[in-house]
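Examination of the molecular architecture
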Number of protein chains: 2
Amino acid sequence: MGLQTGKKPRQRAPSKRALKTRETILDAAEYLFSERSFDGASIRDIAARAEVPVGLVSHHGGSKETLFFTVIARRADELARLRAEALETCLASGQPDLRRVIACFVLPFLHQTHHGQPQWRAYGRLIAIVSADERWREITQACFDPTANIFLDQIARILPDASRGAIGSSFVFMVSSMLAICASSWRIEALSAHQDIETLEEHLLDFCEAGFAANLGRMARGV
Amino acid sequence: MGLQTGKKPRQRAPSKRALKTRETILDAAEYLFSERSFDGASIRDIAARAEVPVGLVSHHGGSKETLFFTVIARRADELARLRAEALETCLASGQPDLRRVIACFVLPFLHQTHHGQPQWRAYGRLIAIVSADERWREITQACFDPTANIFLDQIARILPDASRGAIGSSFVFMVSSMLAICASSWRIEALSAHQDIETLEEHLLDFCEAGFAANLGRMARGV
DNA sequence: GTCTATAATGAGATAGAC
DNA sequence: GTCTATCTCATTATAGAC
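Computed from a predicted model, the values in this text were never measured in an experiment.

Each value, and the rule that gives it
- Residues numbered from 1 in each chain as written.
- Chains lettered and ligands numbered in written order.
- Predicted model: local features only at pLDDT ≥ 70, side-chain atom pairs only at ≥ 80, totals over all residues.
- Heavy atoms only, no water.
- Contact = heavy atoms within 4.5 Å.
- Buried area = accessible area lost by both parts, 1.4 Å probe.
- Salt bridge = Lys/Arg side-chain N within 4 Å of Asp/Glu carboxyl O.
- Polar contact = N/O pair within 3.5 Å; in protein donor to acceptor, adjacent residues only side chain to side chain.
- Helix = DSSP H or I, 4+ residues; strand = E, 2+ residues; numbered from the N terminus.
- Nonpolar A, V, L, I, M, F, W, Y, C, P; charged D, E, K, R; others polar.
- 1 Å grid on protein atoms, 1.4 Å probe; cavity = no way out; pocket = protein on both sides within 12 Å on 5 of 7 lines; lining within 4 Å.
- Points joined across faces, edges and corners; volume = space filled by probe spheres on them.
- Domains from an automatic or database assignment.
- Near = heavy atom within 4 Å.
- Least-squares fit on C-alpha atoms with pLDDT ≥ 70 in both.

1. What about the interface of chain A and chain B?
- In this complex, chain A contributes 56 residues to the contact, which on the side of chain B involves 56 residues.
- Both sides of the chain A and chain B interface together cover about 4400 Å² of buried area, and 67% of this is carbon and sulfur.
- Considering only the surface of chain A that becomes buried against chain B, A:Phe173, A:Trp186 and A:Phe207 emerge as the three largest contributors, covering 19% of it.
- At the junction of chain A and chain B, the tally comes to two salt bridges.
- Notably, a salt bridge pairs B:Arg187 with A:Asp145, separated by 2.8 Å at the nearest N-O pair.
- Where chain A packs against chain B, one counts 14 residue pairs in polar contact (both at pLDDT 80 or more).
- For the side of chain A that touches chain B, the secondary-structure elements that each account for two or more residues are helix H1 (16–40), helix H6 (118–131), helix H7 (137–143), helix H8 (145–158), helix H9 (164–183), helix H10 (185–191) and helix H11 (197–215) of chain A.
- It is H9(A) that provides the largest number of residues to the side of chain A that touches chain B, a total of 16 residues.
- When the residues that make up the side of chain A that touches chain B are grouped by side-chain class, the tally is 26 nonpolar, 18 polar and twelve charged.

Given below as structure tokens:
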């Protein structure tokens, strides 16, 4: 695929207008990719939504694949920062327990997708699509595995008896459940009832904390 | 979308050869849809993989959307039957607990996708794609919600104190985690290590049983 | 039922004027 | 940087011979 963002060094700084155009295009691409997946969203649809001529999409985004990667990487960087900050604060405030570490991973994502800019909502659905499709493995590894490994190490420190396999599979179960809140809220509603995001957050934390603890061989709450 | 399978009533029974052709096409479609999602798999790719002329795909499968629906419905019927049988056996053998009811839902799926015909593997990945994409909501509701509601009711009977919302969200978390074993095994391996399916099944059951119990307000193990 | 050929459309990418 | 026009190719669907 070629994930290198490395185009040739820029001649001069882009104008404000150019930057704005670029963001508009990325926003449109993000929305349409999240609604119709990679192949279902055409460059022309994206241009139409961004209200720019088709040529500009290629100009700012490069090939469709690099555009896709750029869209995902854009907010992944911010997300990684938010999670790292939350974890740092948590660690600084004394003894971290499992629930708090988990919360540092899932809450920044859920807060951004539900209380951040409207565009974050689309981003959440997009990540769910990417995570369920091995075609985008390279993107997942580049954008999300570094942060994931930090949290895996942290959990392993809290629960040194757990096998790496148990931690890894529990972690992926947690990520899938978290993403379901974005991508499958319609199904939760269809099977039960509408619930506000705070309630869902609590259900998710309860579910994952207990699930982790069960898989890690000893109770972790209150350690 | 139009989910009606109702074409005009058949004039005469199709020949054995025609049925075989049809299955070959559905198998090819199943595989390619699971690898590249709906828009990424073309009718021509499907015809090439099935080694039939392009025209035959439309002839047997109808439009691309009805072909997609047919592919998913085909094994959904069998899956629903396997789950219903497992549940029936479980209920007949005395007091059902939470873990056994959960197992009746997830194990038929995991057994088919990992020990059934090779095609079931593709089907598992395909369902994961469908579940993360609201475009296919209609398919999910037609193919999987009836069975889901049977299990939701069963869980509600075992744990009458739980709110429908807590049960519904826990159920969707469980489904997402189950599907992750099919669609995101590469990620589990990348973050930890390869684990055989029996180990993953146990991790999943432990994770979900504890997660459900935590969300349902009282311990369910051993009820 | 099977297969070929083709119609009609839309795709991604880019050259070149402004 | 912006925008238009166009090149080239692949797509779904179907008409009609066998």
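2. Here's the deal with the side chain of B:Asp133
- Among the secondary structure elements, B:Asp133 is positioned in the loop between helix H6 (118–131) and helix H7 (137–143).
- Of the polar contacts made by the side chain of B:Asp133, one reaches the side chain of B:Arg135; its length is 3.0 Å.
- The residues touching B:Asp133, leaving out its near neighbours within four places in the chain, are A:Glu35 and A:Trp186.

3. Looking at empty space enclosed by the protein
- Evaluated as defined, the whole model comprises four cavities of 30 Å³ or more.
- One number sums up the size of the largest cavity: a volume of about 340 Å³.
- Around the largest cavity, the lining comprises 22 residues; the ones closest to its centre are A:Ala128, A:Ala132, A:Ser176, B:Ala132 and B:Ser176.
- Breaking the lining of the largest cavity down by element, the ones donating at least two residues are H6 and H9 of chain A together with H6 and helix H9 (164–183) of chain B.
- Taken together, the residues that form the lining of the largest cavity break down as 14 nonpolar, six polar and two charged.
- What lines the second largest cavity is a set of 15 residues, and nearest its centre among them are A:Arg83, A:Ile127, A:Phe144, A:Val175 and B:Arg187.
- Listing elements by their share of the lining of the second largest cavity, those giving two or more residues are helix H4 (64–92), helix H5 (98–115), H6 and H9 of chain A.
- Ranked by residues supplied to the lining of the second largest cavity, first place goes to H9(A) with four residues.
- Tallied by class, residues from the lining of the second largest cavity come to eleven nonpolar, two polar and two charged.

4. Some points on the domain arrangement of chain A
All names here are of chain A.
- Looking at chain A, the domain boundaries give domain 1 (14–62) and domain 2 (74–215).
- On the domain 2 side, the residues contacting the eleven residues of domain 1 number ten residues.
- Buried surface at the junction of domain 1 and domain 2, summed over both partners, amounts to about 950 Å²; 47% is from carbon and sulfur atoms.
- The largest share of the area that domain 1 buries against domain 2 comes from Asp27, Glu30 and Ser34, three residues that together contribute 51% of it.
- The tally of links between domain 1 and domain 2 comes to seven salt bridges.

5. A few points about the protein's contact with DNA strand C
- Taken together, 17 residues are adjacent to DNA strand C, and A:Ile43, A:Arg44, A:Lys64, B:Thr21 and B:His60 come closest.
- Within the side chain of A:Ser42, one N or O atom sits 3.2 Å away from a phosphate oxygen of DNA strand C.
- Elements with a contribution of two residues or more to the surface near DNA strand C: helix H2 (43–50) and helix H3 (54–61) of chain A together with helix H1 (16–40) and helix H3 (54–61) of chain B.
- Here the surface near DNA strand C gets four residues from one element, more than from any other, and that element is H3(B).
- Considered class by class, the residues forming the surface near DNA strand C number six nonpolar, eight polar and three charged.

6. Points about the relation of the copies chain A and chain B
- Taken as rigid bodies, chain A and chain B are interconverted by a rotation of 180° and an axial shift of 0.0 Å, the fit giving an RMSD of 0.0 Å. Considering both components of the superposition, the chain copies are consistent with a two-fold axis.
- Looking at chain A, 100% of its interface residues are interface residues in chain B too, so the copies touch through the same face.

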